[in-house]
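Secondary and tertiary structure notes
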Amino acid sequence: QVQLVESGGGLVQAGGSLRLSCAASGGTFSRYAMAWFRQAPGKEREFVAGVSRSSSNIFYADSVKGRFTISRDNAKNTVYLQLNSLKPEDTAVYSCAADLYGSGGYQAWSGYEYWGQGTQVTVSS
């Protein structure tokens, strides 16, 4: 059983940056591909970015490509999401997820076994 705890969300102006962290415990972190999803009010949960176990494969949604960067540190059991050039439409609850079987590129939320509670990101215009 893996526990995931996100941090780093907050309120930022458009064009600003945030760095989200997701700390894992209770399992062997390096066995899991990791991903970030987000869900805005009234919208479906959507894939943002994913990273494979060794960071050899990285995936991004088209909407964030070039602005967001996912990374992981297996020694610290943590996955990060750097959010740059933020836009009001990036406002959402951001959650990290762990997948024992995939590569981090699976974009359907149902493919992930473990989830964090989420952290709110609000971008003002």
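Structural data are supplied above this passage.
Residues numbered from 1 in each chain as written. Predicted model: local features only at pLDDT ≥ 70, side-chain atom pairs only at ≥ 80, totals over all residues. Heavy atoms only, no water.

Moving on, we get to the overall build of the chain. On a plain count of helices and strands, the chain comes out with 0 helices and 11 strands. Of the regular secondary structure in the chain, the N- to C-terminal order runs β-β-β-β-β-β-β-β-β-β-β. Rg of the C-alpha trace for the chain: 13 Å, near the compact-globule value of 14 Å for 125 residues, within the 12% margin. Taken over the C-alpha atoms alone, the chain extends approximately 40 × 25 × 25 Å along its principal axes. Looking at charge distribution, the chain has the averaged site of its 11 positive side-chain charges lying 5 Å from that of its 9 negative ones. (Helix = DSSP H or I, 4+ residues; strand = E, 2+ residues; numbered from the N terminus. Rg over C-alpha atoms; globule rule 2.2 N^0.38 Å. Lys, Arg positive; Asp, Glu negative; His and termini not counted. Charge placed at Lys NZ, Arg CZ, Asp CG, Glu CD.)

Turning to the side chain of Thr 119, a few remarks are in order. Secondary-structure assignment places Thr 119 in strand 11 (residues 119-124). By relative accessible area, which is 11% here, Thr 119 ends up buried. Among all residues touching Thr 119, those that are not within four sequence positions of it are Glu 6, Ser 7, Gly 8, Gly 9, Leu 20, Ala 92, Val 93 and Tyr 94. (Buried < 20%, exposed > 50% of the residue type's maximum accessible area, 1.4 Å probe, protein only. Contact = heavy atoms within 4.5 Å.)

With that out of the way, let us pick up the environment of Leu 11. Mapping Leu 11 onto the fold places it in strand 2 (residues 10-13). According to the relative accessible area criterion, Leu 11 is exposed, its value standing at 65%. Separated by 112 residues in the primary sequence, Leu 11 and Val 123 place their C-alpha atoms 5.9 Å from one another.

Strand order in the open sheet formed by 4 strands is 1-3-8-7, with antiparallel pairing between adjacent strands. Of all the strands in the sheet, just strand 1 (3-7) and strand 7 (68-73) have a single pairing partner and so form its edges. On average, adjacent strands in this sheet sit at an angle of 15° to one another, irrespective of strand direction. Across 6 bridges, strand 7 lies against strand 8 (residues 78-83) in antiparallel orientation. Each bridged residue has a counterpart across the sheet, and for Arg 72 the counterpart in strand 8 is Val 79. (Pairing = 2+ DSSP bridges. Axes fitted to C-alpha atoms, helices over the stretch in contact; angles between N-to-C directions.)

Tracing the chain through its elements places Ala 35 in strand 4 (residues 33-39). Along the primary structure Ala 35 and Cys 22 are separated by 13 residues, whereas in three dimensions their C-alpha atoms are 10.0 Å apart. Other than its neighbours up to four places away in sequence, Ala 35 contacts Phe 47, Ala 49, Gly 50, Ile 70, Ser 95, Cys 96, Ala 97 and Tyr 112.

Ranked by size, the top nonpolar core spans 34 residues in total, and within it Met 34, Trp 36, Val 79, Leu 81 and Tyr 94 carry the most contacts. Counting residues per element, the ones that place at least two in this core are strand 3 (18-25), strand 4, strand 5 (46-51), strand 7, strand 8, strand 9 (92-99) and strand 11. When residues in this core are grouped by element, the largest group, 5 residues, is from strand 9. Here Tyr 94 is in contact with Glu 6, Leu 20, Trp 36, Phe 37, Arg 38, Val 48, Phe 68, Leu 81, Leu 83, Gly 118, Thr 119 and Val 121, once residues within four sequence places are set aside. (Core = buried A, V, L, I, M, F, W, Y, C linked by side-chain atoms within 4.5 Å.)

Bear in mind that shape data such as this cannot, by itself, settle questions of function.
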